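# Observations on chain architecture
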Amino acid sequence: MPRKNNTLNAKMKLIASLTSPFARKVRIVAAEKFTEYELIVDIPWNEDTQVPKYNPLGKVPVWIMEDGKALYDSRVIVEYLDSVSPVNHLLPKDARPRIMVKRWEALADGVCDAAATVFLEKKRPAAQQNPDWIQRQMGKVFAGLNAMSVDLGHQNYCTGEFFNLADIAVGCALGYLEFRFPELEWRRAHPNLSELYDRLMLRPSFKETVPVG
Ligand SMILES: N[C@@H](CCC(=O)N[C@@H](CS)C(=O)NCC(=O)O)C(=O)O
């Protein structure tokens, strides 16, 4: 995954798991920006995880800057990566379009948060699972998908004709649902999201970061 660098120093590192949709978002942004880095795979649920040394919240992704300073979370990291390199801007400069892209990102990340919560709840012993909690979180996933589909409409990309961070965030949410919840029929319910994901998967940055694990 590390690519040829234009402006940033090769000593930067990304601590990530290969299943995290938030880490995938960072990996895709780094690839689209041709930012070179070293990928350190660390699963924050493992006993020997080093993640809390770098992020007190114990979550991935964490980006280690050239001077050793750790950045988190994914929204902070992608904004940083976009701002320090002039290559392929993924966030508009002007306030209104910029905040609209970040609104898409908040929606997509929220879907991932809810879906990941359900995934973890379902890993607990059946007797300890809370069906109301699962239903509440799935409600957020379905409402989030619906909002994405309505806002996308017939456009090629989330904010219109141009690919940007909104598409990356939404693509990571859709890819995570496909990976962890293959039984969800979001493609059938929302053909425009299905087409968007297929279009995004033509990009090497998406193809090379499909969740595995
Ligand atoms: N808002 C954070 C969410 C990160 C997150 O939830 N990461 C999960 C993996 S998908 C994690 O590391 N969980 C470990 C834990 O919660 O202890 C971001 O955007 O980076």
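Residues numbered from 1 in each chain as written. Predicted model: local features only at pLDDT ≥ 70, side-chain atom pairs only at ≥ 80, totals over all residues. Heavy atoms only, no water.

## Some details on the nonpolar core
In terms of nonpolar packing, the biggest core is built from 55 residues, with Trp63, Val141, Ile168 and Leu177 touching the most fellow members. For this core, the secondary structure elements donating two or more residues are β1 (13–16), α1 (21–32), α3 (74–84), α4 (95–123), α5 (131–152), α6 (165–180) and α8 (191–200). Looking at which element gives the most residues to this core, the answer is α6, with 10 residues. When residues are assigned to domains, this core turns out to be shared by domain 1 (13–84) and domain 2 (95–204), each giving three or more. For Ile168, the residues in contact, after removing those within four places along its chain, are Lys25, Ile28, Val29, Glu32, Leu90, Phe163 and Phe206. (Core = buried A, V, L, I, M, F, W, Y, C linked by side-chain atoms within 4.5 Å. Buried < 20%, exposed > 50% of the residue type's maximum accessible area, 1.4 Å probe, protein only. Helix = DSSP H or I, 4+ residues; strand = E, 2+ residues; numbered from the N terminus. Domains from an automatic or database assignment. Contact = heavy atoms within 4.5 Å.)

## Re the pattern of salt bridges
One pass over the full model with this rule turns up 12 salt bridges. Where Arg103 meets Asp151, a salt bridge forms, and the shortest distance between an N and an O atom there is 3.4 Å. Placement of the pair is Arg103 in helix α4 and Asp151 in helix α5, with a sequence separation of 48 residues. Its relative accessible area of 51% is what places Arg103 among the exposed residues. Accessibility expressed as a relative area gives 34% for Asp151, which makes it partly exposed. Among the ionic contacts, a cluster of salt bridges with common partners joins Lys25, Arg75, Glu105 and Asp109. (Salt bridge = Lys/Arg side-chain N within 4 Å of Asp/Glu carboxyl O.)

## Notes on the environment of Ala166
Secondary-structure assignment places Ala166 in helix α6. Note on Ala166: relative accessible area 0%, which makes it buried. When residues no more than four places from it in sequence are discounted, the contact partners of Ala166 are Val101, Trp104, Cys158 and Thr159.

## Quick notes on the side chain of Ser17
In this fold, Ser17 is placed in the loop between β1 and α1. At 3.2 Å, the side chain of Ser17 and the backbone nitrogen of Ser20 are in polar contact. Ser17 has contacts with Ala23, Asp42, Ile43, Pro44 and Val60, leaving out every residue within four places of it along the chain. (Polar contact = N/O pair within 3.5 Å; in protein donor to acceptor, adjacent residues only side chain to side chain.)

## Observations concerning the domain arrangement of the protein chain
Here the protein chain is described as being made up of domain 1 (13–84) and domain 2 (95–204). Placing the centre of domain 1 and that of domain 2 at their C-alpha centroids yields a distance of 20 Å. Between domain 1 and domain 2, the residue contacts involve 13 residues of the former and 21 residues of the latter. At the boundary of domain 1 and domain 2, one finds six salt bridges. Here Asp109 ties to Lys25 by a salt bridge, and the two come within 2.8 Å at their closest N and O atoms. Summed over the shared surface of domain 1 and domain 2, the result is seven residue pairs in polar contact (both at pLDDT 80 or more).

## Section: the packing of α5 against α6
Closest axis-to-axis distance for the α5/α6 pair is 12 Å, and the angle between their directions is 135°. In terms of axis orientation, α5 runs oblique to α6. The chirality of how α5 crosses α6 is left-handed. Here α5 contributes Val141, Leu145 and Met148 to the contact with α6, which in turn contributes Val170, Ala173, Leu174 and Leu177. Along the lines of polarity and charge, the residues of the contact of α5 with α6 split into seven nonpolar, no polar and no charged. (Axes fitted to C-alpha atoms, helices over the stretch in contact; angles between N-to-C directions. Parallel < 35°, antiparallel > 145°, perpendicular 65-115°, else oblique. Left-handed = near helix turned anticlockwise from the far one by under 90°. Nonpolar A, V, L, I, M, F, W, Y, C, P; charged D, E, K, R; others polar.)

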